[in-house]
Amino acid sequence: MIEEFFDVAVIGGGPAGLAAAVSASQNGAKNIVILDRNSWVGGILPQCIHDGFGVEETGVSMTGPEYANMYIELAKKHGVTIMSETMVLDFNKKLEITAVNKNDVYRIKTRGIVLAMGCREKTRWNVMIPGDRPSGVFTAGVAQAFINLYNIMPGKNVVILGSGDVGLIMARRLKLEGANVLGVVEILPYPSGLPRNVVQCLNDYDIPLYLNHTVTYIKGRDRLESVTIAKVDKNMNVIPGTEKEIKCDTLLLSLGLIPENELSKNAGVEIDNITGGPRVDQFYETNIPGVFACGNCLQVYDTVDALSGGAKHAGKYAAQRLKQEKTKNSEIFVKPGEGVRYVVPQRINQSGHVHFTLRVTQPGESVFLNVTSNGKKIYRKKLRFVNPANMIDFEMNVDKTLLRSNRSLEVSVHG
Amino acid sequence: MDEKEITCIVCPIGCKILVRMDDKKFKLIKGNKCKRGEEYAKSETLNPRRILTSSILVEKGEWPLVSVKTSKPIPKDKIFDVLNVIKKTKVKAPVKIGQKIVQNVADTDADIVATKTIQIV
């Protein structure tokens, strides 16, 4: 066993981990390490070869690999230590990490940990699609890795279930690579991915989008032979008689992402049941002092720009805590109200400007975002369009009186 | 031409922009939140273009492929012409990010540029 010491250890070297590490360095932390189990850093970005990354952050549209490269160069410049092919086994409340790689087992003492483990794709078994178990059923991200990293085409005639961004991007990618994309099937009455991806991935190539539809059966002995799709009613129940069998050899699943928090849970980090990520305060700090969370393991972001923005804050606060631990006098909770699925942060324990992110439960036009405390409106903002696929953010001042009130803040969105 | 709604693809907001052609003159009616949206709506109405991204085979590289893009947006109806060139092209490792691989691809005036660094093995 090798003993190591770092001021800040970042678990996960994807975009969140890189941004957090760079920001920790920019804010005065000296001795920073990124631990990643892959042989590269950048996480999923090297396989996201399409463009559109970085527009909000830098004004320039980059591809995934270019965006990753920008942060990898910054991390190098800031002298961040990168331990790749290194798997974190656990961490504890004393801020010690156990990790393993080809060389040895490491006990890493730290003064701050930033969680940036990212997320995983939902599989067929998360939504329980009945039928056979042939080959040819892939998650969209796995198919993306096959095509863009390993030069392997997953199939010829493809149906995609789920209209999340990865599914839409893959519909276009497969089409460009010569596959026959038979359609994207979405159970909701609206697409789950960003509007720009519906336009440039589906509409540009006349790929049909079946809203209010789902896959009800997977058929095939060795290789996938067909899927059955059917219409659903507004309660998402299949309408009998609407079934249609589509011959295909490949089914891609773009069903959503699950924050990866096995390490967090083992260490005793409290998890929000709705986001699937740690419950944090406005400094991205979890219930374990010195343990911060950012990126897709905190909440699934729709763009890397917003994700990096959050991760930079997490890295900054991890660095600031090295100099001075914050004093916690009182704490109030933030709760989702009508029309809101979740709000991050879930707790506030210091007065000042707080940056909130949230998601709505359904699309809407010309609605109001309201924050109330004990039934009293304390913040109001008009929103022209809201969409569950577009994360909403706002900034609000939380003063000392509000903080001492001991009353939860409730965030709602309605007409 | 009637009024037409265009969903902007410049950023993740996806503004719905209402446009109209008056005597072959482009007219923006409403819906964009920024200047880039206006430019996009105009280009999308008069001469739709896209950045094309794909990948090219690499010989002796740490990865079998290098990701590439067009150096600027190309006309939509040229996408498959450019893809045909991309399919026939091979490059030797090492490849550096930003390296020009094909010049003026399929007479689009755009180049094919590497978006990733691939080391030699």
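Anything mentioned here points back to the structure above.
In short, a report on the structure. (Residues numbered from 1 in each chain as written. Chains lettered and ligands numbered in written order. Predicted model: local features only at pLDDT ≥ 70, side-chain atom pairs only at ≥ 80, totals over all residues.)

Some points on the overall build of chain B
Applicable threshold: Helix and strand definitions here come from DSSP, where helices need a minimum of 4 consecutive H or I residues and strands a minimum of 2 consecutive E residues; each element is numbered from the N-terminal end. Put simply, the radius of gyration uses C-alpha atoms, and a globule should come to 2.2 Å times the residue count raised to 0.38. With C-beta atoms placed from the backbone, a residue is buried if 20 or more other C-beta atoms are within 10 Å of its own, exposed if 12 or fewer are, and partly exposed between those counts.
Looking only at helices and strands, chain B has 2 helices and 10 strands in total. Secondary structure elements of chain B occur, N-terminal to C-terminal, as β-β-β-α-β-β-β-β-α-β-β-β. Expected size for 121 residues packed as a compact globule is a radius of gyration near 14 Å; at 18 Å, chain B overshoots this value by more than 25%. Each principal axis of the C-alpha distribution contributes one length, and for chain B these read about 55 × 30 × 15 Å. Across the 121 residues in chain B, those meeting the buried criterion constitute 39%.

Topic: the environment of G112 of chain A
All names here are of chain A. For clarity, the threshold we go by: Residues are defined as contacting one another if the C-beta atoms placed from their backbone atoms lie within 7 Å.
You can see G112 is positioned in the loop between β9 (105-110) and β10 (113-115). C-beta crowding within 10 Å serves as the criterion here: with 25 such atoms nearby, G112 is assigned to the buried category. Residues G112 and K312 lie 200 residues apart in sequence; the distance between their C-alpha atoms is 15 Å. In this structure G112 touches D7, V8, L95, G290, A318, R321 and L322, once residues within four positions along its chain are discounted.

Describing helix α1 (residues 35-46) of chain B
All names here are of chain B. Just so we agree on the cut-off: A helix is expected to span 1.5 Å for every residue after the first. In this description, the arc belongs to the directions extending from the helix axis to the C-beta atoms.
Compared with the 16 Å implied by 1.5 Å per residue over 12 residues, the 17 Å span of α1 between its first and last C-alpha is a close match. The complete set of buried residues in α1 reads G37, Y40, A41 and E44. Looking down the long axis of α1, one finds its buried residues gathered within 100 degrees of arc, a one-sided arrangement. Facing away from the buried side of α1 by over 90 degrees, the exposed positions are K35 and L46. Next to the buried residues of α1 lie β1 (4-7), β2 (16-22) and β3 (25-30).

Points about unusual backbone geometry
Trans is the prevailing form of peptide bonds, just as negative phi is the prevailing case for residues other than glycine. Here the residue pair V344 of chain A and P345 of chain A is connected by a cis peptide bond, since its omega of 5 degrees sits within 30 degrees of zero. The omega torsion across A93 of chain B and P94 of chain B is 0 degrees, close enough to zero to call that bond cis. For P94 of chain B, the location among the structural elements is in the loop between β8 (90-92) and β9 (100-102). A positive phi angle, near 65 degrees, is found at Y284 of chain A, a position not held by glycine. As for its placement among the helices and strands, Y284 of chain A is situated in the loop between α8 (262-267) and β21 (291-293). Among the residues examined, Y284 of chain A registers 26 C-beta atoms within 10 Å and is labelled buried.

Topic: the environment of V199 of chain A
Considering the arrangement of structural elements, one finds V199 of chain A in helix α7 (residues 195-202). A tally of 17 C-beta atoms within 10 Å means that V199 of chain A is categorised as partly exposed. Apart from residues no more than four positions distant in its own chain, V199 of chain A is found in contact with D204 of chain A together with T7 and I9 of chain B.

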